[in-house]
Amino acid sequence: MKGKMRRFSAARASTASFRGACLRRQPFPATFEMDWQGQKLAEQLMQIMLVAFAAVAFITGYIMGSFQMMLIIYAAGVVLTTLITVPNWPFFNRHPLKWLDPIETERHPKPQPVTSKKKPTKQHPKFPCILY
């Protein structure tokens, strides 16, 4: 019985230390975060590249008379487009956001919505009287 309890507690301890290590680990450096303009640029690049590769693939496939060649060229274009637009490359972070410190946000609280003191208007029925 003691042997089983030792193994169980050792497994629990290793799981707890693994969780702690995962929580302490920083996901990515801040220099590789994509800003809003970078997201817009990545979206535009993706659309332009996919349309360009589709046009080149269609023209090449039509001239060569090969549907397989058209698919290969377009697939290569999709892979190249993915490699360019999906990773957070540094040129997608040319305009980094400047966030306020938590202390600054406490000094400037979010404004509360103002409630109006107007009289409530008469509500009309959903279905007006139907004349037969």
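Residues numbered from 1 in each chain as written. Predicted model: local features only at pLDDT ≥ 70, side-chain atom pairs only at ≥ 80, totals over all residues. Heavy atoms only, no water.

## A word on helix H2 (residues 36-64)
- Given a rise of 1.5 Å per residue, 29 residues ought to cover 42 Å, and the 42 Å separating the end C-alpha atoms of H2 matches this to within 8%.
- Listed in full, the buried residues belonging to H2 are Gly 38, Ala 42, Met 49, Ala 57 and Gly 61.
- Next to the buried residues of H2 lie helix H3 (67-85).
- Its side-chain oxygen placed 3.4 Å from the backbone nitrogen of Gln 37, Asp 35 serves as the N-cap of H2.
- Gly 65 lies just past H2 and shows a positive phi near 70°. (Helix = DSSP H or I, 4+ residues; strand = E, 2+ residues; numbered from the N terminus. Expected span 1.5 Å × (residues − 1). Buried < 20%, exposed > 50% of the residue type's maximum accessible area, 1.4 Å probe, protein only. Contact = heavy atoms within 4.5 Å. Polar contact = N/O pair within 3.5 Å; in protein donor to acceptor, adjacent residues only side chain to side chain.)

## Remarks on the side chain of Thr 85
- Relative to the assigned elements, Thr 85 resides in helix H3.
- When residues no more than four places from it in sequence are discounted, the contact partners of Thr 85 are Met 34, Ala 42, Leu 45, Met 46 and Phe 92.

## Focus: the UniProt feature "transmembrane region" (unreviewed entry) in the chain
- The UniProt entry lists residues 44-64 and 71-92 under the feature "transmembrane region" (unreviewed entry), expressed in the numbering used here.
- In the segment residues 71-92, helix accounts for 68% and strand for 0%; the C-alpha atoms at its two ends are 30 Å apart. (UniProt positions renumbered as here; feature names shortened; annotations may be inferred.)

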